[in-house]
Structures are given as structure tokens and as C-alpha cells.
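This is what each chain is made of:
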Amino acid sequence: MEKQAVVSRILNFSCVDGPGNRLVIFLQGCNFNCLNCHNPHTINYCNHCGDCVDGCPTGALTFSTSELHGLKPKVIWDEAKCTHCDQCVDVCGNKSNPKVKHYTVEQMLAIIRKQQFFISGITISGGEATVQLPFIIELFKAIKADVTLQHLSCFIDSNGHLSATGWQRVMPYLDGAMIDLKAWQNDTHLWLIGRDNHKVMASIQLLAEAGKLHELRLLHIPGKSDLDSEVDAVSELINRLPLEVTIRLNAFQHHGVIGEALTWEKCSKQQMECFHHALQSRVPHTLQLPSIYM
């Protein structure tokens, strides 16, 4: 069977998800469970519990039982009726989203072809893009083999929790990657994310050595994450990276966040500028500050 991707959203134009103007494909599913996640509805796949169906104000969600689904009730989303009020996302206790679509590689290529003259590349994001790595490999491979599309660069926006073997599989078709580093100390990372950061560190090093690391993203959560208190160690890491790698500083805000993290202090412009100053005095790389604080 042809590989399919579970997609939560496609953004036809973006200038913040890699170099130039890009088409961004947000895949459903993530192998992290970040306390501070700004898109928690992209973490899990719908378990078809039905909690979202009765409350849908436009009747865009229904239960369906068919032999195709093994006679098990499934939540069905009717996009034509949907107003994207996100009531279903708000009530979901599974950190999932019933409003997903399934695309084959050929179907995704058809979407890309419609935009090919207006974009400089493709970025696969999430959720966590690499949980659907086989699809990404086939899509990027097809883009590179198509004379009408091979001018498009292929990027992955990732949390970095992919094995070296996984990166090596996609490397022949990968032009660049953006990696998030959310905490320095392993204990902090375990508490904040639910997994250790060993693979993240290894991914940063591997991609940098291969000339594929486009951007390293550092998350500043005042009093919770430790990148500001470990600035010397973080600077040592950055100084081992090529100068062309951009360092993007991200400020924690409450947009999209649920649970305990809503009680955390938001990162102010002043706090971010202090973090920026501490890093900039130690590294020669370009550091990008947030443009908006919400």
C-alpha cells in the first residue's frame, strides 16, 4: 500500500519555518509530552471516544460504524460543515484532533505543484514530523526526482528525538533541519518533556557535522527551563556549530497551553533580552529574538 501521512494542517505560505517562503505540512502525532506544549492537540491520534461529537455546534462530527472500520464506531469529520471553532480540540482529553486528513505522497505532490512557483521549499513540522519518517522520506525523494519540483528545498522542523539511523535514512533528500533544545540538564528535560535529551544533543551534533543544521531553537521559560542558568554550557555547544547556523530564541507564552503551564510566568521582552545579551557576549552566531510577545 502507498504510504500515507496523517496531517493536521497545511500552511501554503510561511516565512518563519525555514529560509524563504515555504509550504509547511504539520503532521499529527508527537513522541514528546511537553508540559508547555503550544499545540497539545497534535500530540496523540484520535481514539474515537466521541466526547467531541455531541458538542459540535455545526454537526461536523458524527459517529460512523462500517465494515471498513472493522465495525468499530469512528468519529467522522465533515470539513464542509466545520467552522473551525475548535470546540472538539478544547474538550478532548486525549490531546488529539479529529480534524485530520490522510494524504498519499502523490496527493501531497499535487498540492505542492499548485504552489511551486510561489514557494522556495517544503517544511515538514508537527506535532513531531519524524514520527512519520517513512512518509517524509518518500515525499522528499519524489520531490528531488521531479524536474519541476527539485528546485524546492526540503526541511524538517523537529524536536530532535530521532536516532542517528533515522537521520541517515532521510539525509540524502534533506536540505536542512530546525531543532528545538528545551532544556540543558537531563533531569530538567525529563520533567519538562517526559523524555531525556540525549538524542536531541546527538541530533544537533550529527546534523551540524553533515552541514544540515539550519537553525537551533532555544526555549526560555523563566524559573522553569534551565538554558539561562546554564548559559556557559549552552554557549559551548553553540560555539561548536558552524557560523551559518541561526540560533532562534523562543519566549514561553500562554497561547495554546493547557494545565499546569498556564500558571507559569510568561517570558517578558526584558527577560528575553537579558538571555539574549548573556548568549551574544559568548557566541559569534546570529541570534534571533522573538518579534511578538503574547
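Residues numbered from 1 in each chain as written. Predicted model: local features only at pLDDT ≥ 70, side-chain atom pairs only at ≥ 80, totals over all residues. Heavy atoms only, no water.

Let's talk about the packing of helix H2 (residues 105–115) against helix H3 (residues 133–145)
At a closest axis distance of 10 Å, the pairing of H2 and H3 adopts a crossing angle of 50°. Relative to H3, the element H2 lies oblique. Like other packed secondary-structure pairs, H2 and H3 cross with a definite hand, here right-handed. Here H2 contributes Val105, Met108, Leu109 and Ile112 to the contact with H3, which in turn contributes Phe135, Glu138, Leu139, Ala142 and Ile143. (Axes fitted to C-alpha atoms, helices over the stretch in contact; angles between N-to-C directions. Helix = DSSP H or I, 4+ residues; strand = E, 2+ residues; numbered from the N terminus. Parallel < 35°, antiparallel > 145°, perpendicular 65-115°, else oblique. Left-handed = near helix turned anticlockwise from the far one by under 90°. Contact = heavy atoms within 4.5 Å.)

Notes on H2
Along H2, the residues that are buried comprise Val105, Met108, Leu109, Ile112 and Gln115. Down the axis, H2 shows its buried residues gathered within 115° of arc, on one side only. Against strand E1 (4–14), strand E2 (22–27), strand E5 (101–104), strand E6 (121–125) and H3 lie the buried residues of H2. (Buried < 20%, exposed > 50% of the residue type's maximum accessible area, 1.4 Å probe, protein only. Arc of directions from axis to C-beta.)

Brief notes about the domain arrangement of the protein
Taken domain by domain, the protein consists of domain 1 (9–42 + 100–288) and domain 2 (47–95). Each of domain 1 and domain 2 has a C-alpha centre, and these two points are 30 Å apart. Residue-level contacts link 7 residues of domain 1 with 4 residues of domain 2. Between domain 1 and domain 2 we count 1 salt bridge in total. Residues Glu79 and Lys101 are paired through a salt bridge, measuring 2.6 Å at the closest nitrogen-oxygen approach. Between the two partners, domain 1 and domain 2, sit 2 residue pairs in polar contact (both at pLDDT 80 or more). Taken together, the residues of the side of domain 1 that touches domain 2 sort by class into 3 nonpolar, 3 polar and 1 charged. (Domains from an automatic or database assignment. Salt bridge = Lys/Arg side-chain N within 4 Å of Asp/Glu carboxyl O. Polar contact = N/O pair within 3.5 Å; in protein donor to acceptor, adjacent residues only side chain to side chain. Nonpolar A, V, L, I, M, F, W, Y, C, P; charged D, E, K, R; others polar.)

Comments concerning a nonpolar patch on the surface
A cluster of nonpolar side chains, contributed by Phe13, Phe117 and Phe118, occupies part of the molecular surface with about 400 Å² of accessible area. Along the chain, Phe118 turns up in the loop between H2 and E6. (Patch = residues over 30% accessible without salt bridge, like charges linked within 9 Å, V, L, I, M, F, W, Y side chains within 5 Å. Areas by Shrake-Rupley, 256 points an atom, 1.4 Å probe, with all protein chains shown as cover.)

What to know about the pairing of strand E4 (residues 74–77)
Of the two faces of E4, the one lined by Val75 and Trp77 is fully buried and the one lined by Lys74 and Ile76 carries no buried residue. The pairing of strand E3 (residues 61–64) with E4 spans 4 bridges and is classified as antiparallel. Residue pairing for E4: Phe63 is matched across the bridge by Val75. (Pairing = 2+ DSSP bridges.)

Considerations on the pairing of E2
In terms of burial, E2 is a largely internal element, 6 of the 6 residues being buried. Residues Arg22, Val24 and Phe26 of E2 are buried on one face, and the alternating residues Leu23, Ile25 and Leu27, pointing to the opposite face, are buried as well. In terms of strand pairing, E2 meets E6 through 5 bridges, oriented parallel. Of the residues in E6, the one forming a bridge with Arg22 is Gly121.

As for the nonpolar core
Note that soluble globular proteins tend to have their nonpolar side chains buried in a common cluster. Leu139, Phe140, Ile143, Trp167 and Leu218 are the most contacted members of the largest nonpolar core, which has 69 residues in total. Element by element, the count of residues in this core is highest for H3, at 7 residues. Core analysis: the second largest hydrophobic core is formed by 10 residues, Cys52, Leu61, Cys82 and Val89 among them. (Core = buried A, V, L, I, M, F, W, Y, C linked by side-chain atoms within 4.5 Å.)

Considering the environment of Pro172
Here Pro172 lies in the loop between helix H4 (164–170) and strand E8 (176–181). Relative accessible area serves as the criterion here: at 59%, Pro172 is assigned to the exposed category.

Things to note about the packing of aromatic side chains
Given two aromatic rings, one states the distance between the centres and the angle between the planes to describe the pair. Counting across every chain of the model gives 2 aromatic pairs. Each ring, one from Phe252 and one from Trp264, has its centre 5.8 Å from the other, and the planes form 50°; the classification is tilted. Taken together, the positions of Phe252 in the loop between strand E10 (246–251) and helix H8 (269–280) and Trp264 in the loop between E10 and H8 put the pair 12 residues apart, joining distant regions of the chain. Cluster of aromatic residues (ring-pair linked, three or more members): Trp191, Phe252 and Trp264. (Phe/Tyr/Trp six-rings, centres within 6.5 Å; stacked < 30°, edge-to-face > 60°.)

A closer look at unusual backbone geometry
A cis geometry characterises the amide bond from Gly126 onward to Gly127, with omega recorded as 15°. Mapping Gly127 onto the fold places it in the loop between E6 and H3. Phi is positive for His48, close to 60°, though the residue is something other than glycine. With respect to the element layout, His48 can be found in the loop between E2 and E3. The class for His48 is partly exposed, based on a relative accessible area of 22%. Unusually for a residue other than glycine, His84 sits at a positive phi of about 55°. Turning to its location among the elements, His84 is positioned in the loop between E4 and helix H1 (87–91). Among the residues examined, His84 registers a relative accessible area of 44% and is labelled partly exposed.

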